[in-house]
There are 2 protein chains.
Amino acid sequence: MQQTLTIGELAHRSGVAPSALRYYERLGLIRAGRTGGNQRRYDRAELRRVSFIRIAQQVGVSLEEVRDALDSLPESRTPTRADWARLSSRWQAKLNDRIALLERLRDDLTGCIGCGCLSLTACRLSNPEDELAADGPGARRFPALA
Amino acid sequence: MQQTLTIGELAHRSGVAPSALRYYERLGLIRAGRTGGNQRRYDRAELRRVSFIRIAQQVGVSLEEVRDALDSLPESRTPTRADWARLSSRWQAKLNDRIALLERLRDDLTGCIGCGCLSLTACRLSNPEDELAADGPGARRFPALA
DNA sequence: GTGCAAGTTGAAGTCGGCTTTAAGTAAAGT
DNA sequence: ACTTTACTTAAAGCCGACTTCAACTTGCAC
């Protein structure tokens, strides 16, 4: 017999409000069974799903993207290992991009502290900006990630 | 004589819409001079500021947090190096936390692929969940970052 | 079996982060 | 000078991610 959690218990365990859990369910991110009296009962495994959702969210991934990812995790039958690998590598790339962004941000900060200048925005020593000015009318520093 | 950018030019260069730039200005994240005819003229340095904002945002940092950080970068007079160090280390911690989250997310994914199971949520091999069940009624996996 | 905390729903409200709209002004090209 | 394109504002609208509300039902505790 499977042990299940009420919405309150899952909320408490995960640190996510019951209202948010219902919202996630409406969006198809998590699933719940029901009691005879129509109350939700969560499989313990959902706790991991919720954790995954929250982490992803905290690093700037939208719920829609998360849903797409979770949808690709087949609940039912054997998926091809190739499908798995594809999904995984897509997320790997996404995560690597974000890690790179974070490192860039960190380096910007430390660079400006390192060089002793007082304004991040005016630091020419570590960041000669004129490279950009050279590459035509459409020079964009940060093309969109997605 | 300082070279300046119109809002359209800054928008194009940074990949951020003019409306968003005006919004950032209202929130105090960026600054602009004005022409005689009341049009904005941006110092080139603002490009770096905008870049910083967008990167921070993409990794889940709110504009308010960004503003707080940027506010601590004194535009005017010499700030204490201690202030700088404090601000920097606060952000370092923030960034390190986020990097850790990303790595955890990535490990969750790869772990589940590695072990060959088909459901992230049901993977018991690599993630025995019962440790959590043990630590009382308030066990929360992810206390808030901030 | 009764009481009360915890659960249910749909609809409306909130907040952050912008975009759009409307009505008008500035600046650059010819 | 004139035309076109880019800019200005305030106010309203929109979308994602929830929370709150109101009215009602379940289910565990005694």
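Definitions and cut-offs
Residues numbered from 1 in each chain as written. Chains lettered and ligands numbered in written order. Predicted model: local features only at pLDDT ≥ 70, side-chain atom pairs only at ≥ 80, totals over all residues. Helix = DSSP H or I, 4+ residues; strand = E, 2+ residues; numbered from the N terminus. Buried ≥ 20, exposed ≤ 12 C-beta atoms within 10 Å, placed from the backbone. Contact = placed C-beta atoms within 7 Å. Near = placed C-beta within 6 Å. Nonpolar A, V, L, I, M, F, W, Y, C, P; charged D, E, K, R; others polar. Pairing = 2+ DSSP bridges. pLDDT = per-residue confidence, 0-100. Axes fitted to C-alpha atoms, helices over the stretch in contact; angles between N-to-C directions. Parallel < 35°, antiparallel > 145°, perpendicular 65-115°, else oblique. Left-handed = near helix turned anticlockwise from the far one by under 90°. Core = buried A, V, L, I, M, F, W, Y, C linked by C-beta atoms within 7 Å.

> Any chance you could explain the overall build of chain A here in plain terms?
Along the backbone of chain A there are six helices and three strands. Counting only residues that meet the buried cut, chain A has 27% of its 146 residues in that class. Residue pairs in contact within chain A that sit at least 24 positions apart in sequence constitute 44% of those at least 6 positions apart.

> Hey, could you run me through the protein's contact with DNA strand C in this one?
Around DNA strand C, the structure places 21 residues, and the nearest of them are Gly-8 and Arg-40 of chain A together with Ser-19, Gly-37 and Leu-63 of chain B. With three residues, the top contributor of residues to the surface near DNA strand C is helix α2 (residues 18-26) of chain B. By residue class, the composition of the surface near DNA strand C is six nonpolar, 12 polar and three charged.

> What is the right way to look at the sheet that holds strand β1 (residues 4-5) of chain A in this model?
The strands making up a sheet associate through backbone hydrogen bonding, with each pair oriented either parallel or antiparallel. Here three strands make up an open sheet; going across it, the order is β1-β3-β2 (chain A) and the pairing antiparallel. Two strands in the sheet have a free side with no partner beyond their single neighbour: β1 and β2 (33-34) of chain A.

> Looking at this model, I keep getting lost on the sheet that holds strand β1 (residues 4-5) of chain B. Mind explaining?
All names here are of chain B. In space, the three strands of this open sheet follow the order β1-β3-β2, with antiparallel pairing throughout. The open sheet has two edge strands, β1 and β2 (33-34), and neither has a second partner. Sheet analysis places β2 next to strand β3 (residues 40-43), joined by two bridges and oriented antiparallel. Within β3, the residue paired with Arg-34 across the bridge is Arg-40.

> Is there a simple way to think about the protein's contact with DNA strand D in this case?
Neighbouring DNA strand D are 21 residues, the closest being Gly-37 and Leu-63 of chain A together with Thr-6, Gly-8 and Arg-40 of chain B. At the level of secondary structure, the elements contributing two or more residues to the surface near DNA strand D comprise α2 (18-26) and α4 (63-71) of chain A together with α1 (7-14) and α2 of chain B.

> I keep staring at the confidence of the model for chain A and nothing clicks. Help me out?
Averaged over chain A, the pLDDT score is 73; the fraction of residues at 70 or greater is 62%. Of all secondary-structure elements in chain A, the lowest mean pLDDT belongs to helix α6 (residues 130-134) of chain A, at 34, while α2 of chain A reaches the highest, 98.

> Sorry if this is basic, but what is going on with the packing of helix α1 (residues 7-14) of chain A against helix α3 (residues 45-58) of chain A here?
Think of two packed helices as two axes; the pair is described by the angle between the axes and how far apart they sit. Residues and elements named next belong to chain A. The geometry of α1 relative to α3 is characterised by a closest axis approach of 10 Å and an angle of 45 degrees between their N-to-C directions. Considering their axes alone, α1 and α3 lie oblique with respect to each other. Handedness of the α1/α3 crossing: right-handed. Note on element contacts: α3 touches α1 through Glu-46, Leu-47, Val-50 and Ser-51, opposite Leu-10, Arg-13 and Ser-14. The residue inventory of the contact of α1 with α3, partitioned by class, reads three nonpolar, two polar and two charged.

> What is the right way to look at the pairing of strand β3 (residues 40-43) of chain A in this model?
Regular strands have side chains that alternate between both faces of the sheet. All names here are of chain A. Only one face of β3 is covered, namely the face carrying Arg-40 and Tyr-42; the face carrying Arg-41 and Asp-43 is uncovered. Judged from the two bridges that link them, β1 and β3 form a sheet pairing that is antiparallel. In the sheet register, Thr-4 faces β3, and the bridge partner there is Asp-43. Linkage of β2 to β3, two consecutive antiparallel strands, is achieved through a turn of five residues, within which Asn-38 is found at a positive phi near 70 degrees.

> Honestly, the nonpolar core in this entry has me stumped. Any pointers?
For soluble globular proteins, the rule of thumb is that nonpolar side chains tend to be buried together. Counting residues in hydrophobic clusters, the biggest one holds 48 residues, and the most contacted among them are Ala-56 and Val-59 of chain A together with Ala-56 and Val-59 of chain B. Sequence-distant contacts of Val-59 of chain A, that is, excluding residues within four places in its chain, are made with Arg-98 of chain A together with Val-59, Gly-60, Arg-98, Leu-101, Leu-102 and Leu-105 of chain B.

> Help me out: how do you make sense of unusual backbone geometry in this one?
Glycine aside, a negative phi is what most residues show, and trans is what most peptide bonds show. Positive phi values are uncommon outside glycine, yet Asn-38 of chain A reaches one of about 70 degrees. Structurally, Asn-38 of chain A can be placed in the loop between β2 and β3.

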